[in-house]
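Chain and residue survey
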Amino acid sequence: MRRYSIMYFISQSVKGLWRNGVMTLASIVVLMSCLVVMGSFALVVMNLNENLNTLGDMNEMVAFVELEKTEEEISAIREKIATYDNIKKIEYVSKEQALEEEKKKYEEEYPEFFEGISGDIYPASFVITYKNNDKVETLKYDLEHTEGVYKVNSRADIADTIETMKKGIIYLFAWFLAVLFVVSVFVIVNTIKLAVFARRQEISIMRYIGATNWFIMIPFVLEGVWIGLLSSGISFGIVTYVYSFVQKTVISDYGMFTIIPFANFQGWLLLSFVVIGVITGIMGSSISLRKHLKA
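Moving on, we come to the packing of aromatic side chains. By the definition in use, this model includes eight aromatic pairs. Seen from their ring centres, Tyr243 and Phe262 are 5.4 Å apart, and the 45° between their planes marks the pair as tilted. Taken together, the residues Tyr243 in helix H8 (residues 213-253) and Phe262 in the loop between H8 and helix H9 (266-293) connect sequence positions 19 residues apart. Overall, Tyr243 belongs to the buried group, its relative accessible area being 9%. Taking 5.3 Å as the distance between ring centres and 80° as the angle between the ring planes, the aromatic pair formed by Phe262 and Phe265 counts as edge-to-face. Neither Phe262 nor Phe265 differs from the other in exposure class; each is buried. Within the aromatic cluster, the residues linked to one another by ring pairs are Phe236, Tyr243, Phe262, Phe265 and Trp268.

Dropping the structure here:
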């Protein structure tokens, strides 16, 4: 063993892959397919979670101020609201701003409705962003009992529904991803087992001439590493291309959806592919060799 360098084992592993090209190709295709499916599934979950977070970002209330209140009184109401607990941000919408927002929504359809209308018919309001959904009822109660506020609109029930839906979907997808990973590892290990079984005569001859188990095993383990590296590289290229295509299509045709830039996770995605590919390749080779290395 001492007279053989690591380069010897590397060359032997490469020769082994080349000599058994059909099984090598089968192992790479199976592992690559599993990595592409798992990677794509993980990216779908991430983007779904991002869009549900955006959709669920409805932690706002609107407090409408009584029409007759002056600017000084409105300022006092704002100062009062700012003292309440669970306040993240307060945005003031004046009567004129309220009129402009209504015009944007309906002026094209009902242009005559806004002729001669001033902002005085629309109440000023405060758009209040809160921090915690659990304390929203307390905040709503405080706002409804604030002097000068005559109405409070809240979307807390919608936000709660979306939050519940998001948790359920993410939990379900996480289970699917875990099951998919286990099935993928099982398929990969069994594919490499077939490759090793096809070379059982070669292993028997090496044992017959006195080769140690480690001497026999190292080239096979390195073959598993090469298979893992090749599969992870090809998988990463496929996922990168498909994701870029989908991202361009969604942004151009369906602008309402949020697509996370690929650069945000390409590093950990490649690392995950390499780690999973190499580990499963080594596992497949090691598990498959056990039977043939027994005395």
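This paragraph deals with helix H5 (residues 136-144). Every buried residue of H5 is listed here: Val136, Leu139 and Leu143. Angular distribution of buried residues about the axis of H5 spans 65°; they occupy a single face of the element. The exposed set on the far side of H5, more than 90 degrees from its buried face, consists of Glu137 and Thr138.

Another point: the nonpolar core. Membership of the largest hydrophobic core comes to 18 residues, with the highest contact counts inside it found for Met61, Ile81, Ile87, Phe126, Ile128, Leu139 and Leu143. Mapped by element, the contributors of at least two residues to this core are strand E1 (60-65), helix H3 (71-82), strand E2 (87-93), strand E3 (125-130), H5 and strand E4 (149-154). If we ignore the near neighbours within four places in the chain, the residues touching Ile81 are Ile87, Ile90, Phe126, Ile128 and Leu143. Judged by nonpolar contacts, the second largest core, of 17 residues, contains Leu31, Leu43, Ile260 and Phe273.

So, on to a negative patch on the surface. Side chains of Glu68, Glu71, Glu72, Glu73, Glu96, Glu100 and Glu147 sit close together on the surface and give a patch of like negative charge. Going through the elements one at a time, H3 and helix H4 (95-106) are the ones with two or more residues in the negative patch. Checked against the element boundaries, Glu68 lands in the loop between E1 and H3.

Moving on to the confidence of the model for the protein chain. For the protein chain, the mean per-residue pLDDT works out to 78, and 80% of the residues sit at or above 70. No element of the protein chain has a lower mean pLDDT than helix H6 (residues 156-197), at 72, and none a higher one than H3, at 91.

Turning our eyes to something else, we now look at the environment of Leu230. Structurally, the position occupied by Leu230 is in helix H8. Linking Leu230 and Leu31, residues 199 residues apart in sequence, is a C-alpha distance of 9.5 Å.

One non-glycine residue, Asn86, adopts positive backbone phi at about 75°. Tracing the sequence through the fold places Asn86 in the loop between H3 and E2. According to the relative accessible area criterion, Asn86 is buried, its value standing at 6%.

If you walk across this open sheet you meet the four strands as E2-E3-E1-E4, and the pairing is antiparallel. Strand pairing shows two members of the sheet lacking a second neighbour, E2 and E4, which therefore form its edges. Direction aside, neighbouring strands of the sheet carry axes that sit 20° apart on average. Looking at chain direction, E1 and E4 are connected through five bridges and run antiparallel. By the bridge assignment, Val62 is partnered in E4 with Asn153.

Definitions and limits used
Residues numbered from 1 in each chain as written. Predicted model: local features only at pLDDT ≥ 70, side-chain atom pairs only at ≥ 80, totals over all residues. Heavy atoms only, no water. Phe/Tyr/Trp six-rings, centres within 6.5 Å; stacked < 30°, edge-to-face > 60°. Helix = DSSP H or I, 4+ residues; strand = E, 2+ residues; numbered from the N terminus. Buried < 20%, exposed > 50% of the residue type's maximum accessible area, 1.4 Å probe, protein only. Arc of directions from axis to C-beta. Core = buried A, V, L, I, M, F, W, Y, C linked by side-chain atoms within 4.5 Å. Contact = heavy atoms within 4.5 Å. Patch = residues over 30% accessible without salt bridge, like charges linked within 9 Å, V, L, I, M, F, W, Y side chains within 5 Å. Areas by Shrake-Rupley, 256 points an atom, 1.4 Å probe, with all protein chains shown as cover. Salt bridge = Lys/Arg side-chain N within 4 Å of Asp/Glu carboxyl O. Lys, Arg positive; Asp, Glu negative; His and termini not counted. Charge placed at Lys NZ, Arg CZ, Asp CG, Glu CD. pLDDT = per-residue confidence, 0-100. Pairing = 2+ DSSP bridges. Axes fitted to C-alpha atoms, helices over the stretch in contact; angles between N-to-C directions.

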